[in-house]
Amino acid sequence: EPEVTQTPSHQVTQMGQEVILRCVPISNHLYFYWYRQILGQKVEFLVSFYNNEISEKSEIFDDQFSVERPDGSNFTLKIRSTKLEDSAMYFCASSSGGAYNEQFFGPGTRLTVL
Amino acid sequence: RKEVEQDPGPFNVPEGATVAFNCTYSNSASQSFFWYRQDCRKEPKLLMSVYSSGNEDGRFTAQLNRASQYISLLIRDSKLSDSATYLCVVNKAAGNKLTFGGGTRVLVKP
């Protein structure tokens, strides 16, 4: 069964450093997403990406964040200058964009900012 | 008002019993609805989509009430492996973001 994969599974970084989180969506999917979940809180939408551009982004997704699909298979989330409050699980998801838009999630990257 | 609201629980359920819980959503323009399951520190996994006519998948039954803007999930013959957090999720349109509730925690005990 095809699945979304993410690397690394855990990233520890110092405040102010840049991090890149990587995802490989399901191969025939067209819509890609990043969500995050701070420990003990609900899953929150960050950004959606379709046809090589951002289609929607949340208030959380400020200028410190960027996304890219560099090579047709990877989908990356970059945080330019990490803050303590960026510590969270980051989930990538993809969907075929059908009428019901079922989104499938990767296992997540746990980001710890010290 | 929260966009998607759920009773956080926990619902303590004897093995073999039936448990049911709801969620409410505030955006009447929501078009598609889902129940996801999330185990501790893992990713949300799609349990089932919720259709207008209601639908069943094995021991799980989901209902949608658009007029009252709520979705329900019923689990019959609960198994220990059903212990998880159940996330109510809504989507405004195809390709759009998912909006998650805070989850309902279910603990099935022997």
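Criteria and cut-off values
- One numbering rule holds for all chains: residues counted from 1, following each sequence as written.
- Chains carry letters from A onward and ligands carry numbers from 1 onward, assigned in written order.
- Local features in this predicted model are restricted to residues of pLDDT 70 or higher, and side-chain atom pairs are both shown and tallied only at a pLDDT of 80 or more, whereas totals for entire chains, interfaces and linings draw on every residue.
- For the side-chain quantities, the full set of heavy atoms in the structure was used; hydrogens and water were omitted.
- The term salt bridge refers to a side-chain nitrogen of Lys or Arg lying within 4 Å of a carboxyl oxygen of Asp or Glu.
- Helix and strand assignments follow DSSP, with helices taken as H or I runs no shorter than four residues and strands as E runs no shorter than two, numbered in order from the N terminus.
- Each residue is placed in one exposure class: buried if its accessible area under a 1.4 Å probe, protein chains only, is under 20% of its type's maximum, exposed if it is over 50%, and partly exposed if it falls in between.
- For two strands to pair, DSSP has to find at least two bridges joining them.
- What counts as an axis is a line fitted to C-alpha atoms, over the stretch in contact for a helix, and the angles between N-to-C directions run from 0 to 180 degrees.
- By definition in these notes, contact holds between two residues if any of their heavy atoms fall within 4.5 Å.
- Buried area: the sum, over both parts, of the accessible surface (1.4 Å probe) that disappears when the two are put together.
- For this analysis, a polar contact is any N or O atom pair within 3.5 Å, provided that within protein one partner can donate a hydrogen and the other can accept it, and provided that sequence-adjacent residues contribute only side-chain to side-chain pairs.
- Classification convention: Asp, Glu, Lys, Arg as charged; Ala, Val, Leu, Ile, Met, Phe, Trp, Tyr, Cys, Pro as nonpolar; all other residues, Gly among them, as polar.
- Stacked, edge-to-face and tilted labels apply to pairs of Phe, Tyr and Trp rings (six-membered ring for Trp) whose centres lie within 6.5 Å, assigned for plane angles under 30 degrees, over 60, and everything in between, in that order.

A. Structural detail: the pattern of salt bridges. Residue and element names in this part refer to chain B. Counting across every chain of the model gives five salt bridges over all chains. Among the salt bridges present, the one from glutamate 56 reaches arginine 76, with a minimum N-O distance of 3.5 Å. Taken together, the residues span a long stretch of sequence, with glutamate 56 in strand β6 (residues 55-57) and arginine 76 in the loop between β8 (70-75) and β9 (84-91) at a distance of 20 residues. In this structure glutamate 56 comes out as exposed when scored by relative accessible area, which is 57%. Lysine 79 is paired through a salt bridge with aspartate 77; the nearest N and O atoms lie 2.9 Å apart.

B. The pairing of strand β6 (residues 53-57) of chain A, seen in detail. All names here are of chain A. Here strand β5 (residues 44-50) pairs with β6 via four bridges, running antiparallel. Paired with valine 47 across the two strands is lysine 57, which belongs to β6. Hairpin connection between β5 and β6: a loop of two residues separates the two successive antiparallel strands, and asparagine 51 in this loop has a positive phi of roughly 55 degrees.

C. A look at the sheet that holds strand β7 (residues 65-68) of chain A. Residues and elements named next belong to chain A. Strand order in the open sheet formed by four strands is β1-β3-β8-β7, with antiparallel pairing between adjacent strands. The open sheet has two edge strands, β1 (5-7) and β7, and neither has a second partner. Averaged over all pairs of adjacent strands, the angle between strand axes in this sheet comes to 20 degrees, irrespective of strand direction. Judged from the three bridges that link them, β1 and strand β3 (residues 19-24) form a sheet pairing that is antiparallel. For threonine 7, the partnering residue across the bridge sits in β3 and is arginine 22.

D. Quick look at the interface of chain B and chain A. Listed by partner, the interface residues are 24 residues for chain B and 23 residues for chain A. Buried area between chain B and chain A, both sides added, is near 1,900 Å², and the carbon and sulfur share of it is 56%. Connecting chain B to chain A are zero salt bridges. Taken together, the connections running from chain B to chain A amount to five residue pairs in polar contact (both at pLDDT 80 or more). Of all the elements in the fold, those that place two or more residues in the side of chain B that touches chain A are β4 (32-38), β5 (45-50) and β10 (98-100) of chain B. Per element, the largest residue contribution to the side of chain B that touches chain A is five residues, and it comes from β4 of chain B. Residues of the side of chain B that touches chain A, tallied by class, amount to 11 nonpolar, nine polar and four charged.

E. A look at the packing of aromatic side chains. A full pass over the atoms with the stated rule returns 18 aromatic pairs over all chains. Taking the centre distance of 5.7 Å and the plane angle of 55 degrees together, the rings of phenylalanine 11 of chain B and phenylalanine 21 of chain B count as tilted. Placement of phenylalanine 11 of chain B in strand β2 (residues 11-14) and of phenylalanine 21 of chain B in strand β3 (residues 19-25) is noted, with a sequence separation of 10 residues between them. Through a chain of ring-to-ring contacts, the aromatic side chains of Tyr33, Tyr35, Phe45, Phe91 and Phe105 of chain A together with Phe34, Tyr36 and Phe100 of chain B assemble into a single cluster.

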